[in-house]
Amino acid sequence: MSENIERRRFLKCLGAGSLMLAPLGCSVKEQTAQDAAPHYVMVFDQNKCVGCGGCKEACNKANNLPEGRSRVVLEQQSSAVAGQACPHCGKTDCDCQRKYVRVSCQQCQNAPCVSVCPTGAAHRDPKTGIVTMDASKCAGCKYCIAACPYNARYINSETDVADNCDFCLQSKLAKGELPACVQECRYDALVFGDANDPNSYVSRLLAVKDSVRVKAHLGTEPSLRYIPIVKLGV
Amino acid sequence: MDGTLEFTMGLSEGVAWPWPIAVYLFFAGISGGALSVALFIRFYKQQSANTPFLKASALIAFVTIALGMLCLVLDLTNPLFFWRILVYYNLNSVMSVGVIALSAYIPLVALIALFALEEEIRRLPMLAPLLPLIDKLRPWRRSGEALVLVLALAVCAYTGFLISALIRFPIINTSVLPALFVASGLSAGAAAAKMLAVGLFKEDRHSSDMQILHGAEWPIMFAEALFLFMIIMSLVTGNAGAQSAFEAFHTGSWSMVFWLGVVGVGFGGPLLLNFATGERFSHSSQAFYLSGLCAVSGMMCLRMFILYAGQNFAI
Ligand code: SF4
Ligand code: SF4
């Protein structure tokens, strides 16, 4: 199972639960010091996601978020055109064609939220390169929310500060585990790992699958990859 | 294969920056604009007296920037976190740079107001404790004025840079915005200070200061219209995202705010009052105040339009 391979690899990389060792631990013999910096990516496979929402619940629990709030939501989409026969079942009114898109922080390599934040609360973790929050610095100005092209940030109603998906950097990764949503997904729709490591499962997956990034033309260099449903027929 | 997959949902609801920010942009523009114009005139005519226009500008600049700060703080999700913006800095952030400019600008505006309103302060026994302070700081007046002129323009411009950094909104993400905000700040600031100078500080409506202002008004307004035209043209001729944002100018209620408020009241009002009415009315005090009010409300509509219509049309 991809998830297990990935988990084993990941645990090995993190050593004794210490993220600091990740860049060192991951460096396989042929890698040199400078390309050892990780680039964590997440792959969302639209062909596998059934929209069960397990990832949302796991996120809520893992990150102690207020009731009903997660750092990820799923958008249901349909290629059916309103008023026309469904390309799938032929009926005009159906709900048979479901496809989902993960909506969450895209972990931009060139993150507008980080560059606009006046206090440095929205920042890039120096060791992992993951965009995360220092809640104790956030002034709640919402500049980052206005600046994020993916509308992927929100104000946590309990702490009154801004928040985004940080691949569970402060909750799961810190303990050497995979992000909560990745662990939870029973359908293997989520894969997480270091794209800079040629041997990681994500690297190998991305090498053989066509994946896309959302709004890549904005130049934010998102780290989320999507494997879209390949359109059948029509 | 980029672009075959999109999502339209988001995690935050509504616009990130609601009306208090538009009001702040308005106040900051008036404050910086009024003071810049007054100091321009002061340096240009090498005035040393406290003219009514300088008094009015200094008072307006101080009051509006104070109210603007109030809007900013109240718009934070928790106003008690305000100190964090003053303690932590990120020099890549326009907001952080703005905070630095404002924290020099605000005390300096207070100082300029103290000097400009010295006679008034002398007349009010309540404010007597300020007098020794004024005397002590007097040697710094000239350099303070020069510095605050730069800062006042910087504050006007920074409000434009602040929002033009938002790359997902084609109406807002344009390099012309700071220039537009400076021009409209100058015109509305001057209009507000003019009204106060005449109304409160008994300036003659036909004094030489007023004459200069009257002459400067039209070129500034022309520049403003030109900048707006540039933004509109860049949207019309731009990529698909820009073209769809152009809709903001002809559909929905914000287009009304633009055509009625910005164009009708802001540009049309003063033009009609000055050139389309008889000599008698256009020189009356009603026309004077009305056209001032038009300029100020037009600018408020402009800030509202840019902020709301801008955030409603994301790419
Ligand atoms: S998706 Fe938004 S919140 Fe996430 S890194 Fe990019 S700009 Fe920041
Ligand atoms: S809301 Fe917080 S994290 Fe976002 S820009 Fe403002 S201070 Fe930074």
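Residues numbered from 1 in each chain as written. Chains lettered and ligands numbered in written order. Predicted model: local features only at pLDDT ≥ 70, side-chain atom pairs only at ≥ 80, totals over all residues. Heavy atoms only, no water.

What exactly am I supposed to notice about the sheet that holds strand S9 (residues 224-227) of chain A here?
To summarise the sheet geometry, strands pair through backbone hydrogen bonds and adopt either a parallel or an antiparallel arrangement. All names here are of chain A. Spatially, the three strands line up as an open sheet ordered S8-S1-S9, and their pairing is mixed. With one partner strand each, in any of the chains shown, strand S8 (190-194) and S9 form the two edges of the open sheet. Shown here is a sheet whose adjacent strand axes are inclined to one another by a mean of 20 degrees, direction ignored. Relative to S8, strand S1 (residues 40-45) runs antiparallel, the two sharing five bridges. Residue pairing for S8: tyrosine 40 is matched across the bridge by aspartate 194. (Pairing = 2+ DSSP bridges. Helix = DSSP H or I, 4+ residues; strand = E, 2+ residues; numbered from the N terminus. Axes fitted to C-alpha atoms, helices over the stretch in contact; angles between N-to-C directions.)

Looking at this structure, how should I read helix H7 (residues 201-208) of chain A?
The periodicity of an α-helix, 3.6 residues per turn, causes residues three or four positions apart to be oriented the same way. Residue and element names in this part refer to chain A. What H7 keeps buried is the set Val202, Ser203, Leu205 and Leu206. With its buried residues spanning 165 degrees around the axis, H7 presents them on a single face. Opposite the buried face of H7, by more than 90 degrees, sit the exposed residues Ala207 and Val208. (Buried < 20%, exposed > 50% of the residue type's maximum accessible area, 1.4 Å probe, protein only. Arc of directions from axis to C-beta.)

Even after reading the chapter, I still don't get the interface of chain A and chain B, so can you show me in this structure?
The parts lose accessible area when they come together, and the size of an interface is often stated as this lost area. With 55 residues of chain A in contact, the opposing surface of chain B contributes 40 residues. Both sides together, the interface formed by chain A and chain B hides about 3900 Å², and carbon and sulfur atoms give 61% of it. At the boundary of chain A with chain B, the tally comes to one salt bridge. Between aspartate 75 of chain B and lysine 142 of chain A there is a salt bridge whose closest N-O contact spans 3.6 Å. Of all elements in the fold, only strand S2 (72-77), strand S3 (99-104), helix H4 (112-116), helix H5 (143-147) and strand S6 (154-155) of chain A reach the threshold of two or more residues within the side of chain A that touches chain B. No other element matches S2 of chain A, which puts five residues into the side of chain A that touches chain B. A breakdown of the residues in the side of chain A that touches chain B according to their chemical character gives 31 nonpolar, 13 polar and 11 charged. (Contact = heavy atoms within 4.5 Å. Buried area = accessible area lost by both parts, 1.4 Å probe. Salt bridge = Lys/Arg side-chain N within 4 Å of Asp/Glu carboxyl O. Nonpolar A, V, L, I, M, F, W, Y, C, P; charged D, E, K, R; others polar.)

Just to check I follow, could you spell out a nonpolar patch on the surface for this structure?
Residues and elements named next belong to chain B. Together, Trp83, Leu86, Val87, Tyr89, Leu91, Val97 and Ile100 make up an exposed nonpolar region whose accessible area comes to about 670 Å². Within the residue set of the nonpolar patch, elements represented by two or more residues are helix H3 (82-87) and helix H4 (94-116). The element best represented in the nonpolar patch is H3, accounting for three residues. Secondary-structure assignment places leucine 91 in the loop between H3 and H4. Its relative accessible area of 63% is what places leucine 91 among the exposed residues. (Patch = residues over 30% accessible without salt bridge, like charges linked within 9 Å, V, L, I, M, F, W, Y side chains within 5 Å. Areas by Shrake-Rupley, 256 points an atom, 1.4 Å probe, with all protein chains shown as cover.)

Sorry, what's going on with the site of ligand 1 here?
For ligand 1, the full set of nearby residues is Cys105, Gln106, Gln107, Cys108, Ala111, Pro112, Cys113, Val131, Cys148, Pro149, Tyr150 and Arg153 of chain A. Its residues assigned to classes, the shell around ligand 1 shows nine nonpolar, two polar and one charged. (Near = heavy atom within 4 Å.)

Any chance you could explain the side chain of lysine 172 of chain A here in plain terms?
The residue lysine 172 of chain A is located in the loop between strand S7 (162-163) and helix H6 (180-184) in this model. Aside from chain neighbours lying at most four places away, what touches lysine 172 of chain A is Ala62, Glu177, Leu178, Pro179, Ala180 and Gln183 of chain A.

What is the right way to look at the pattern of salt bridges in this model?
Opposite charge on two side chains allows them to pair when their charged atoms are near. Residue and element names in this part refer to chain B. Scanning the model with the defined rule gives 15 salt bridges over all chains in all. Across the salt bridge formed by arginine 138 and glutamate 118, the nearest N and O atoms sit 2.9 Å from each other. Taken together, the residues arginine 138 in the loop between helix H6 (131-137) and helix H7 (141-164) and glutamate 118 in helix H5 (residues 118-123) connect sequence positions 20 residues apart. In this structure arginine 138 comes out as partly exposed when scored by relative accessible area, which is 34%. For arginine 123, the salt bridge is made with glutamate 120, and the minimal N-O distance between the two is 3.8 Å. On the criterion of helical spacing, the pair formed by arginine 123 and glutamate 120 is a turn pair, its members being three residues apart in helix H5.

I'm lost on the confidence of the model for chain B in this one. Help?
When pLDDT drops low, the exact placement of atoms in the prediction is not to be read closely. All names here are of chain B. Taken residue by residue, chain B gives an average pLDDT of 92. The fraction at 70 or more is 99%. Per-element averaging of pLDDT across chain B places helix H12 (residues 279-282) at the bottom with 80 and helix H2 (residues 52-75) at the top with 96. Two numbers describe this predicted complex: its pTM, 0.87, and its ipTM, 0.90. (pLDDT = per-residue confidence, 0-100.)

Would you mind showing me how to read the site of ligand 2 here?
Neighbouring ligand 2 are 15 residues; Cys117, Cys138, Cys141, Lys142 and Cys144 of chain A lie closest to it. Split by residue class, the shell around ligand 2 holds 11 nonpolar, two polar and two charged.

Explanation requested: the packing of aromatic side chains in the structure shown.
Centre-to-centre distance and the angle between the planes together describe a pair of aromatic rings. As enumerated under the stated definition, the model contains 15 aromatic pairs over all chains in all. A ring pair is formed by tyrosine 150 of chain A and phenylalanine 7 of chain B, whose centres lie 6.4 Å apart and whose planes are at 50 degrees; its orientation type is tilted. In this pair, tyrosine 150 of chain A is assigned in the loop between H5 and S6 and phenylalanine 7 of chain B in the segment before helix H1 (19-44), connecting two distinct chains. The pair formed by tyrosine 150 of chain A and phenylalanine 7 of chain B is uniform in burial state, with each residue classed as buried. Residues tryptophan 83 of chain B and tyrosine 88 of chain B carry aromatic rings whose centres are separated by 6.4 Å and whose planes lie at 50 degrees to one another, so their mutual orientation is tilted. Each member of the aromatic cluster is reached from another via a ring pair, and the members are Phe246, Phe249, Phe258, Trp259 and Phe305 of chain B. Geometry around tyrosine 154 of chain A places arginine 69 of chain A over its ring, the cationic atom sitting 3.9 Å from the centre. It is arginine 84 of chain B that lies over the ring of phenylalanine 81 of chain B; its NZ or CZ is 4.0 Å from the centre. (Phe/Tyr/Trp six-rings, centres within 6.5 Å; stacked < 30°, edge-to-face > 60°. Lys NZ or Arg CZ within 6 Å of the ring centre and 35° of its normal.)

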